[in-house]
Amino acid sequence: MNDAPVLSNLAVIDAAHHIHPFSDMKELNAKGTRIIERAEGVFIYDSTGKKYLDAFAGLWCVNVGYGRKSIAEAAYAQMQELPYYNSFFGTTTPPATLLAQKIAAHTGGNLNRVFFTNSGSEATDTWFRIARVYWKALGKMEKTQVIARRNGYHGSTVAGASLGGMKLMHEQGNLPIQGVHHIGQPYWYAEGGDLSPAEFGLKVARELEAKIDELGEDRVAAFVAEPIQGAGGVIIPPETYWPEISRICKARNILLVSDEVICGFGRLGNWFGYQHYGVEPDLAPIAKGLSSGYLPIGGVLVSDRVAEVMLDEVGEFFHGFTYSGHPVCAAAALENIRIIEEEGLVERVRDDIGPYFAQAWKSLEGHEVVGQAESVGLIGGLQLAADKSTRRRYAKPDDIGTLVRNHCVENGLIMRATGDRMLASPALTISHAEVDEVIGKLRQALDHLRDTVRE
Ligand SMILES: *Cc1c(COP(=O)(O)O)cnc(C)c1O
């Protein structure tokens, strides 16, 4: 008797036993899940043998591409040497400590310490607690409120979903929790009206100032934002936005938190997204590209300003995870960063493949159904439009995005859609020819939209 399941039954088994994240399980089980079996470079292969170009780097994370044997070997070696030890009771492991040093070396000066977590969501919970502990230690007992943005994404724990500005997540979970407030997002195409992008960038940034006034400066602990909103649809803010946010946080003595979970580790052509926009955060959650997704690990970068108070005034910080600084995950992350350094992937994004991708992506703006195609480094957002001359959008944005995305996937290209925006975030190792393939297949999907939907 061989009772090992045969592969063709995996979808049936999956339907019986596996609940997927962010999925309508009734719908998914009816059509059967896609099973991804292997990957190499920027390509993934499913259980039918079909090959796809993954223009999304898994879930924004496989920055060094698939199939890196040296990361597997680093994890294997560490697992044999020391598979686990914690960092709670006056101990650490070599990879955790060396990883903290390695990350600090790339932050640009003032963020010299890291608190490790297993994910971006846990990093969100962690900085949220640090921000409150920080102000309490300074005697500002009332400074507990946090301001975030509509349509931001900061993870899926209770704190993460609260800080995120996703309406459906809030409604389902009786969120946000107390002490979390939201302001608008710098989404000019949809919300900018008659303002120029520069004017609109200032206007939405100043909503922060208004919200601080409304709540009272002495009650606001922090403001959090992604340098570029990822899950919200790759919303690239006007150039005026970040300098104004930074100015307001400084003037009002509010901690600035830059959520670097997607933008960190090279995606924008800098080590961190805040460097692209020339601002300096007080706290910065990281995850995804930290290990290129090979193993789960995240953390929070802590600035000297905050660390000094944490170290000198707080005493014990009652917070931590069993796997904070897990040595095997840390070893994989160290090797991942070594690859990024050795292959010059950050510089490659800034000087070579980023500009190449930008030009190719921008060329799609000529298409009838494209309102705007913007990118920074290797992250792109493409706005679909029913009438580009008036910025009029399709009546059912979700259906339109899904239509284009499904066409891409059928055609062997993994892209994501958020509403009526198409998102790309490929591995930093993608070649010029592979970028051409992404653009070619996306163009075919856009043709399909143009030919099938008339509004
Ligand atoms: C993915 C993501 C998170 C959450 O990270 P998880 O590892 O999924 O918990 C937080 N912030 C941003 C910007 C993200 O994209």
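Residues numbered from 1 in each chain as written. Predicted model: local features only at pLDDT ≥ 70, side-chain atom pairs only at ≥ 80, totals over all residues. Heavy atoms only, no water.

Draft legend 1. Seen up close, the sheet that holds strand β13 (residues 413-414). Pairing is mixed in the open sheet, where 4 strands are placed in the order β1-β2-β3-β13. Strand pairing shows two members of the sheet lacking a second neighbour, β1 (36-40) and β13, which therefore form its edges. As paired elements, strand β3 (residues 51-54) and β13 share 2 bridges and run parallel to each other. What sits directly across from D54, in β13, is I414. (Pairing = 2+ DSSP bridges. Helix = DSSP H or I, 4+ residues; strand = E, 2+ residues; numbered from the N terminus.)

Draft legend 2. Spatial organisation of the site of the ligand. Contacts to the ligand come from S119, G120, S121, Y153, H154, G155, E226, D259, V261, I262 and K288. In this structure, an oxygen atom belonging to the ligand sits 2.5 Å away from a side-chain N or O atom of S121. A distance of 3.4 Å is found between a nitrogen atom of the ligand and a backbone nitrogen or oxygen belonging to Y153. By residue class, the composition of the shell around the ligand is 3 nonpolar, 5 polar and 3 charged. (Near = heavy atom within 4 Å. Polar contact = N/O pair within 3.5 Å; in protein donor to acceptor, adjacent residues only side chain to side chain. Nonpolar A, V, L, I, M, F, W, Y, C, P; charged D, E, K, R; others polar.)

Draft legend 3. Fine view of the domain arrangement of the protein chain. One can read the domain layout of the protein chain as domain 1 (35-64 + 346-454) and domain 2 (70-342). Each of domain 1 and domain 2 has a C-alpha centre, and the two are 26 Å apart. Each side of the interface is counted separately: domain 1 has 34 residues, and domain 2 has 34 residues. Regarding the contact of domain 1 and domain 2, the summed buried area is about 2,700 Å², with carbon and sulfur atoms giving 60% of it. Considering only the side of domain 1, the residues that lose the most area to domain 2 are V64, V346 and R391, jointly responsible for 27% of the buried surface there. At the junction of domain 1 and domain 2, the tally comes to 0 salt bridges. Seen at the junction of domain 1 and domain 2, the total is 14 residue pairs in polar contact (both at pLDDT 80 or more). At the level of secondary structure, the elements contributing two or more residues to the side of domain 1 that touches domain 2 comprise α3 (57-60), α15 (345-362), β11 (370-376), β12 (379-384), β14 (416-418) and β15 (421-424). Ranked by residues supplied to the side of domain 1 that touches domain 2, first place goes to β11 with 5 residues. Among the residues forming the side of domain 1 that touches domain 2, the class breakdown is 16 nonpolar, 10 polar and 8 charged. (Domains from an automatic or database assignment. Contact = heavy atoms within 4.5 Å. Buried area = accessible area lost by both parts, 1.4 Å probe. Salt bridge = Lys/Arg side-chain N within 4 Å of Asp/Glu carboxyl O.)

Draft legend 4. The environment of L28, seen in detail. Tracing the backbone through its elements, the reader meets L28 in helix α2 (residues 25-31). With a relative accessible area of 15%, L28 lands in the buried category. Sequence spacing of L28 and A15 is 13 residues, and the spatial spacing of their C-alpha atoms is 8.0 Å. The contacts of L28, once residues within four sequence positions are left out, are H20, S23 and T33. (Buried < 20%, exposed > 50% of the residue type's maximum accessible area, 1.4 Å probe, protein only.)

Draft legend 5. Highlighting the packing of helix α4 (residues 69-81) against helix α14 (residues 327-342). At a minimum axis distance of 8 Å, the contact between α4 and α14 shows a crossing angle of 150°. What the angle tells us is that α4 and α14 run roughly antiparallel. The handedness of the crossing between α4 and α14 is right-handed. Residues S70, I71, A74, A75, Q78 and M79 of α4 pack against P327, V328, A331, A332, E335, N336, R338 and I339 of α14. Looking at the contact of α4 with α14 residue by residue, the class counts come to 9 nonpolar, 3 polar and 2 charged. (Axes fitted to C-alpha atoms, helices over the stretch in contact; angles between N-to-C directions. Parallel < 35°, antiparallel > 145°, perpendicular 65-115°, else oblique. Left-handed = near helix turned anticlockwise from the far one by under 90°.)

Draft legend 6. Structural detail: the pattern of salt bridges. Inspection of the entire model under this criterion finds 20 salt bridges. Salt-bridge contacts for E244 lead to R247; the nearest nitrogen and oxygen are separated by 2.8 Å. Highlighted residues: E244 and R247, both in helix α11 (residues 241-252), separated by 3 residues, approximately one helical turn. When its relative accessible area of 8% is taken as the criterion, E244 is described as buried. The salt bridge partner of E365 is K362, with a shortest N-O separation of 3.0 Å. Overall, the relative accessible area of 42% leaves K362 in the partly exposed class.

Draft legend 7. Highlighting the environment of V220. By secondary structure assignment, the location of V220 is in strand β7 (residues 220-225). C-alpha of V220 to C-alpha of R113: the two residues are 107 residues apart in sequence and 24 Å apart in space. Among residues more than four places away in sequence, those in contact with V220 are K143, Q145, I147, I212, L215 and I254.

Draft legend 8. Structural view of the packing of aromatic side chains. Under the counting rule described, the total for this entry stands at 15 aromatic pairs. Ring plane angle 50° and centroid distance 6.0 Å describe the contact between W127 and F128, whose orientation is recorded as tilted. Look at F128 and you get buried, because its relative accessible area is 6%. Pairing W188 with Y189 gives two aromatic rings, centres 6.2 Å apart and planes at 80°, and the pair type is edge-to-face. Taken individually, W188 and Y189 each receive the classification buried, so the pair is uniform in this respect. Aromatic ring contacts, followed pair by pair, group F265, W271, F272 and Y274 into a single cluster. The ring of F43 has K51 sitting right over it, with the charged end atom 4.3 Å from the ring centre. The ring of W135 is capped by K143, whose NZ or CZ atom sits 4.6 Å from the centre of that ring. (Phe/Tyr/Trp six-rings, centres within 6.5 Å; stacked < 30°, edge-to-face > 60°. Lys NZ or Arg CZ within 6 Å of the ring centre and 35° of its normal.)

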